[in-house]
Structure formats: C-alpha cells, structure tokens
Amino acid sequence: MSVYKGKLNPSDITNLEKLLSTITDDKILAHKEHLLTDTKVKDQSRRLCFDVLSATDLKDRQSVVIESIYVYANDDHLYTAVKHILTQRGVL
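Residues numbered from 1 in each chain as written. Predicted model: local features only at pLDDT ≥ 70, side-chain atom pairs only at ≥ 80, totals over all residues. Heavy atoms only, no water.

Colleague: Tell me about the side chain of D38, and name the residues and values.
Modeller: Inspection of the secondary structure puts D38 in the loop between α2 (25-37) and α3 (44-54). Within polar-contact distance, the side chain of D38 engages the backbone nitrogen of K40 at 2.9 Å. (Helix = DSSP H or I, 4+ residues; strand = E, 2+ residues; numbered from the N terminus. Polar contact = N/O pair within 3.5 Å; in protein donor to acceptor, adjacent residues only side chain to side chain.)

Colleague: Describe the packing of helix α1 (residues 10-20) against helix α4 (residues 58-66), naming the residues involved and giving the relevant values.
Modeller: Relative to each other, α1 and α4 sit at 160°, their axes nearing to 10 Å. As far as their axial angle goes, α4 and α1 are roughly antiparallel. Between α1 and α4 lies a crossing whose hand is left-handed. Between α1, through N15, L16 and L19, and α4, the contact on the second element is made entirely by D60, R61 and V64. Looking at the contact of α1 with α4 residue by residue, the classes come out as 3 nonpolar, 1 polar and 2 charged. (Axes fitted to C-alpha atoms, helices over the stretch in contact; angles between N-to-C directions. Parallel < 35°, antiparallel > 145°, perpendicular 65-115°, else oblique. Left-handed = near helix turned anticlockwise from the far one by under 90°. Contact = heavy atoms within 4.5 Å. Nonpolar A, V, L, I, M, F, W, Y, C, P; charged D, E, K, R; others polar.)

Colleague: Describe in detail the packing of α3 against helix α5 (residues 75-89), supporting the description with residues and values.
Modeller: At a closest axis distance of 9 Å, the pairing of α3 and α5 adopts a crossing angle of 90°. Classed by the angle they form, the pair α3 and α5 counts as roughly perpendicular. Counting all contacts with α3, which are made through S45, R46, C49, F50, V52 and L53, the residues of α5 involved are D75, D76, L78, Y79, V82, K83 and L86. In terms of residue class, the contact of α3 with α5 is built from 8 nonpolar, 1 polar and 4 charged.

Colleague: So, α1: which residues are in play, and what are the values?
Modeller: Within α1, the full set of buried residues consists of D12, I13, L16, L19 and L20. Buried residues of α1, seen end-on, are gathered within an arc of 120° and therefore sit on one face of the element. Among the exposed residues of α1, those pointing more than 90 degrees away from its buried face are P10 and K18. On its buried face, α1 is in contact with α3, α4 and α5. (Buried < 20%, exposed > 50% of the residue type's maximum accessible area, 1.4 Å probe, protein only. Arc of directions from axis to C-beta.)

Below, the structure is given as structure tokens:
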C-alpha cells in the first residue's frame with residue numbers, strides 16, 4: 001500500500017476516502033469500461049476520477065470538497081488524491 005504524498009491534508013484524505021466509499025467498485029468498473037469505448041474522452045483516468053466524485057451525495061461532496069479541500073487546493077490536487085484512492089481500491 002503506497003502512502004499519499006500530495007497537497008491534501010490527512011483529515012481531508014480520510015474524508016475523501018469515506019465519500020468515495022459510497023460508490024461501489026462494481027459501479028466504478030462498469031463506468032470505466034464505458035469510458036474506454038467513448039471516443040470523446042481524451043483522459044479516461046481523469047474523467048473516471050471526477051465522474052466517481054460527481055456520483056457521490058451532493059451535500060457530502062460540498063462539505064468535503066468545496067468547503068474544505070478547495071479552500072487550499074485545486075482540481076489537480078483533488079485529481080491526484082482521488083486517483084490515489086481509486087488506485088488503492090484497485091479500480092483504476
């Protein structure tokens with residue numbers, strides 16, 4: 001298991017992991033397969049990460065991402081963290 005070494009602080013990583021855990025691996029893998037066949041998608045990994053994040057509960061996502069993470073980080077930092085989490089889960 002690799003350790004996340006990005007900009008997000010440990011409590012935000014923990015909250016992001018909890019948020020993403022609400023989306024099942026089966027749903028993520030099914031969507032990943034769909035993205036592989038979509039010729040309009042240029043970066044499947046990035047698209048999958050943000051699609052999974054968007055599939056979470058809006059209120060919870062706002063609390064974790066908008067009110068906490070985006071105070072000090074940007075989309076690239078968020079992508080790195082989500083990519084790390086999904087890779088650890090074995091779905092990316």
